[in-house]
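Working through the structure, step by step
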Amino acid sequence: MHFLPFRLRVVPRVLQFKQPAGTSRGVYLTRRVWYIVLTSADAQVRFTGLGECAPLPDLSADYSDDYEARLRALCQQVEQEQGFDAEALRHVPSMLFGLQTAFRSAAGSLAGDYLRLYPSRFAQGLEGLRINGLVWMGNFEEMQRRMDEKLDAGFGCVKLKIGAIDFDSELALLRRLRGRYSAADVELRVDANGAFSPAEAPARLEALARFSLHSIEQPIKQGQWEEMAALCRTSPLPIALDEEMIGVHETVDKQRLLDTIRPHYLVLKPSLHGAFTGCAEWMALARERGIGYWVTSALESNVGLNAIAQWTAATAEAHATPDAPPLMPQGLGTGQLFVQNFDAAPLCIEGDRLWYGHAAQRAFAREAANFKARWCNPSPTLTLHTSGSTGEPKPFEAEKVRMWHSAETTLQALGLQQGNTALLCLPLQFVAGQMMLVRAMAGGLQTLLRTPSLHPYAGLHEAPDFAALTPAQVAETLRVPHERSLLRRTLCLIIGGGALPPAVEEAVRTFPHPIFSTYGMTETLSHIALRRLNGEQASHAYTPLPGVSVGTDAEGCLTIDAPAWHDGPLVTNDLAEVYADGSFTLHGRRDNTICSGGLKLQAEALERKLAGAPCQLLITATPHPTLGEAVTLLYAAPAECSEALTAFCQARLSRHEMPRAMVRCNALPLTATGKPARAEARRMATEALRLDE
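Residues numbered from 1 in each chain as written. Predicted model: local features only at pLDDT ≥ 70, side-chain atom pairs only at ≥ 80, totals over all residues. Heavy atoms only, no water.

1. Quick notes on the overall build of the chain
Definition in use: Where helices and strands are cited, they refer to DSSP runs of H or I of at least four residues and of E of at least two residues respectively, numbered from the N terminus. Type-normalised accessible area, obtained with a 1.4 Å probe on protein chains alone, sets the label of each residue: buried when under 20%, exposed when over 50%, and partly exposed for intermediate values. Every residue pair with non-hydrogen atoms within 4.5 Å of one another is taken to be in contact. All accessibility values rest on the Shrake-Rupley procedure with a 1.4 Å probe; residue burial counts only the protein chains present in the view. His residues and chain termini do not enter the charge count, which takes Lys and Arg as positive and Asp and Glu as negative. Just so you know, the charge point we use is NZ for Lys, CZ for Arg, CG for Asp and CD for Glu.
Secondary structure summary: the chain contains 18 helices and 31 strands in total. Of all 693 residues assigned to the chain, the portion counted as buried reaches 53%. Within the chain, counting contacts between residues at least 6 apart in sequence, those at least 24 apart form 65% of the total. By element, 51% of the accessible surface of the chain is carried by carbon and sulfur atoms, the whole surface being about 29700 Å². A gap of 2 Å separates the mean positions of the 66 positive and 74 negative side-chain charges of the chain.

Laid out in structure tokens, this is it:
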């Protein structure tokens, strides 16, 4: 990152707690944070990084009344020097945390996702981080209600803040919990935040230990090393240090603290304990001394929480061994503390786990991982399925070497380079989505996974270098200004899987980067021809890829000769015209030809004439006693729209092309890849007309 010119700016925010957050130090109602925004200073290279500085006024070692002015001065210095030395910033942990997060975020932005900071199974959506449920201080009834909520939500580890109400009430709360759940059912931690005096602490630790607690955090105030050391030697309850480590910046001082106190655990908070580098040092020292630890957040917004969670997961994976116990519950909060949070971070809680990505996103990530695993198995083939646009999807075996050749041909034709980002937002049970993964593997592309939807750019901050979309995805993306802007900035776009509406084709004609319509099918292992839609090279005809030649058969259907893709010539159902230079245009499908009273009408041609209709529609055919087949229009709109639709058709179609019937449905039938399900449309229309007889 240091070699790329950048700019920094500081954005202050005041966050409102959803409910008062009580500790032994007082009650928080609002929270001040400062975001560091890092952007490119070079118009040729685009990236954005986002970090969070979230000091606690009564706790952080680097907080002061002039914190914002100091932070701005530091960021100005970092911008001038185009980098920073983490070692020199040990004494300002919250500022260092913000800078480290912003730079990691910018690196993620260059890889296509500014919210993905540290690679891990967690960041891939494949594994959740087990966390504890936090019960804030309050009166007895409030704490009891909050505790029940956490247990009912499925948390197997609950942490209670203690020290704000009378100790007997807190013991009663613990007694009630243990009467309901044994230690085998629920791991219980408590956090005193230094609420006990050294004199009363031994007796209180004895009383707490009766409830089989996992540990207690910071029973007495920090700075009393000898008293804390004595407690750690004699306490029947394991003690974890938290505030004790605040302000201890130098390695030698960290060593002296741990060797003096000898705690059972450390509770590490990057914003308070030296940012990521400082916490990594604490961890290394703890491992050397057999001291356990876990990581927790310190009331950051989702910007900081996202960074801490990803770093925690990546660090745990880096230090995992076959004999290591499972990662103990972390104290990473839920991301749900504030009324107005940073909602772009895809963090969610399910049961007692924090996940990166919602359930559908994670399922899609698992599909991608499963496909890569199948690709890497010894079998030379993969089972693919046709799209199902004209009938039931059919399976067939495809050779991996042919799929790899298809991917390499596309990469070369489009000029894609190693490191380019590729947006994968197509279903992975069909060849279009699968080939995006094969292209990524063949070309060293960085894949950006987005659950297949009509708005694949929603939630993206930067445009990908390469994307493959369906016509429906392009049409819907164009409707949203932010998504349209990202689509316009995509360096290379291919559109396939169905006919491209004229309005969509016209809308992308002025886009600055190459956009192609593709032609292909499952049997050809994705596309074998491209048609440029914009720029000086825009064309009405498809140009076959190198190694592919086309022709037509006696019925005018396109034939494909592509030895590297398919054994022998392939005869399609697509009616085409082939030109002397080998390019071709399409006129529709033979199986979508409607033979009505001796006339042959093409369903796609009629649909093109009806572009801009007041509702969504499909042209199909239904049996007719005298005509053989009758042109039938299937539409999705309220019944009262039929008169306007009829008038629209009459203005654009000839007498012989006019639909003999119009059938209303709730939604037009589509395949999983977004194509018109022609066979299902015909069945629906035929069944509806039969019922009306």
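And the narrative resumes.
2. As for helix α1 (residues 67–81)
Which entries qualify depends on this criterion: The length a helix should cover is 1.5 Å for every residue beyond the first. By construction, the arc corresponds to the directions joining the helix axis to the C-beta atoms.
With 15 residues, α1 should reach 21 Å at 1.5 Å per residue; the first-to-last C-alpha distance of 21 Å fits that figure. Every buried residue of α1 is accounted for by Tyr-67, Leu-71, Leu-74, Cys-75 and Val-78. The buried side chains of α1 occupy one side of the element, clustering within an arc of 100° when seen end-on. Exposed residues on α1 whose side chains face more than 90 degrees from its buried face are Ala-69 and Gln-80. Of the residues trailing α1, Gln-82 is marked for its positive phi of about 55°.

3. Digging into the pattern of salt bridges
For clarity, the cut-off: One speaks of a salt bridge when a side-chain nitrogen belonging to Lys or Arg is within 4 Å of a carboxyl oxygen belonging to Asp or Glu.
Scanning the entire structure with this criterion turns up 33 salt bridges. Across the salt bridge formed by Asp-152 and Arg-180, the nearest N and O atoms sit 3.0 Å from each other. Remark: Arg-180 occurs in helix α4 (residues 167–180) and Asp-152 occurs in helix α3 (residues 140–152); sequence separation between them is 28 residues. Relative accessible area serves as the criterion here: at 37%, Arg-180 is assigned to the partly exposed category. Note that Lys-609 and Glu-657 form a salt bridge whose closest N and O atoms lie 2.8 Å from each other. One end of the pair, Lys-609, is in helix α16 (residues 603–609); the other, Glu-657, is in the loop between α17 (642–652) and β31 (661–664), and 48 residues separate them in sequence.

4. Thoughts on the packing of aromatic side chains
Defined as follows: Aromatic rings from Phe, Tyr and Trp, with only the six-membered ring used for Trp, were paired whenever their centres fell within 6.5 Å, and each pair was classed as stacked if the ring planes differed by under 30 degrees, edge-to-face if by over 60, and tilted otherwise. Each ring is checked for a lysine NZ or an arginine CZ that lies within 6 Å of its centre and within 35 degrees of its normal; such an atom marks a charge sitting over the ring.
Going through the model one piece at a time under the given rule, you end up with 16 aromatic pairs. Between Phe-167 and Phe-196, the ring centres sit 5.9 Å apart and the planes meet at 85°, which makes this aromatic pair edge-to-face. Within this pair, whereas Phe-167 is found in helix α4, its partner Phe-196 is found in the loop between β7 (187–191) and α5 (201–209), the two being separated by 29 residues in sequence. The aromatic ring of Tyr-542 is capped on one face by Arg-531, whose charged end is 5.4 Å from the ring centroid. It is Arg-532 that lies over the ring of Phe-516; its NZ or CZ is 5.6 Å from the centre.

5. With respect to the sheet that holds β7
To keep it simple, the criterion reads: In short, DSSP must find at least two bridges between two strands for them to pair. Orientation is described by lines fitted to C-alpha atoms, with helices fitted over the stretch in contact, and by angles between N-to-C directions that extend from 0 to 180 degrees.
One open sheet accounts for 7 strands, arranged β5-β6-β7-β8-β9-β10-β11; its pairing is parallel. Only two strands of the sheet have a single neighbouring strand rather than two, namely β5 (133–135) and β11 (292–295). Ignoring which end each strand starts from, the neighbouring axes of this sheet average 25° apart. Relative to β11, strand β10 (residues 265–268) runs parallel, the two sharing 4 bridges. Across the sheet, residue Val-267 finds its bridge partner in β11, namely Trp-294.

6. Let's talk about the nonpolar core
The condition that has to hold: The definition of a nonpolar core used throughout is a set of buried Ala, Val, Leu, Ile, Met, Phe, Trp, Tyr and Cys residues joined through side-chain atoms within 4.5 Å.
In this structure, Leu-160, Leu-208 and Ile-216 are the most contacted members of the largest nonpolar core, which totals 113 residues. Considering each element in turn, this core owes the most residues, 8 residues, to helix α9 (residues 302–318). In contact with Ile-216, other than residues within four places in its own chain, are Ile-162, Val-190, Ala-192, Phe-196, Leu-205, Leu-208, Leu-237, Pro-238, Ile-239 and Ala-240. Counting 45 residues, the second-largest nonpolar core is a separate cluster that includes Ala-398, Leu-411, Leu-414 and Leu-437.

7. Details of the layout of surface pockets
As a reminder of what qualifies: Throughout, the protein atoms alone are placed on a 1 Å grid, and a set of points is a cavity if a 1.4 Å probe fits but cannot get out or a pocket if it is open with protein on both sides within 12 Å along at least five of seven lines; lining residues have an atom within 4 Å of a point. Grid points are joined across faces, edges and corners, and a volume is the space filled by probe spheres set on the points. Note that Gly is not counted as nonpolar here; it falls among the polar residues with everything else outside the nonpolar set of Ala, Val, Leu, Ile, Met, Phe, Trp, Tyr, Cys and Pro and the charged set of Asp, Glu, Lys and Arg.
There is about 960 Å³ of room inside the second largest pocket. For the second largest pocket, the lining is made up of 39 residues, of which Asp-113, Arg-116, Ala-123, Leu-449 and Arg-450 are closest to its centre. At the level of secondary structure, the elements contributing two or more residues to the lining of the second largest pocket comprise α2 (93–110), α10 (359–376) and β17 (446–449). Here the residues of the lining of the second largest pocket are counted per class, giving 20 nonpolar, 13 polar and 6 charged.

8. Some points on empty space enclosed by the protein
With the rule as written, the count across this model stands at 3 cavities of 30 Å³ or more. By volume, the second largest cavity is sized at about 40 Å³. In terms of lining residues, the second largest cavity is bounded by Leu-50, Thr-101, Ser-105, Tyr-114, Leu-115, Leu-117, Val-303 and Asn-306.

9. Notes on the sheet that holds strand β12 (residues 347–350)
Taken together, the 3 strands give an open sheet; going across it, the order is β4-β13-β12, and neighbouring strands pair in antiparallel fashion. In this open sheet, the two strands that pair with only one neighbour each are β4 (129–130) and β12. Summarising the sheet, β12 and strand β13 (residues 353–356) pair through 4 bridges and their orientation is antiparallel. Residue pairing in the sheet places Leu-347 in a bridge with Tyr-356 of β13.

10. Some remarks on the packing of α2 against helix α8 (residues 275–288)
Convention followed: Every angle not falling under 35 degrees, over 145, or within 65 to 115 is termed oblique; those three ranges are roughly parallel, roughly antiparallel and roughly perpendicular.
Here α2 crosses α8 at 110°, and the two axes come no closer than 7 Å. One finds that α2 runs roughly perpendicular with respect to α8. Along its contact with α2, which presents Pro-93, Leu-96, Phe-97, Gln-100 and Thr-101, the element α8 presents Ala-275, Phe-276 and Thr-277. Among the residues making up the contact of α2 with α8, the classes are represented as 5 nonpolar, 3 polar and no charged.

11. Digging into the pairing of strand β16 (residues 421–424)
With burial as the criterion, each face of β16 is covered, one bearing Thr-421 and Leu-423 and the other bearing Ala-422 and Leu-424. Bridge count for β16 against strand β18 (residues 466–469) is 2 bridges, and the pairing is parallel. Counted as the bridge partner of Leu-423 is Ala-467 from β18.

12. Comments concerning α17
Along α17, the residues classified as buried are Leu-645, Phe-648 and Cys-649. Buried residues of α17, viewed axially, fall in a sector of 95°; they line one side. More than 90 degrees from the buried face of α17, the exposed residues found are Glu-643, Gln-650 and Ala-651. The elements touched by buried residues of α17 are β29 (616–624), β30 (628–636) and β31.

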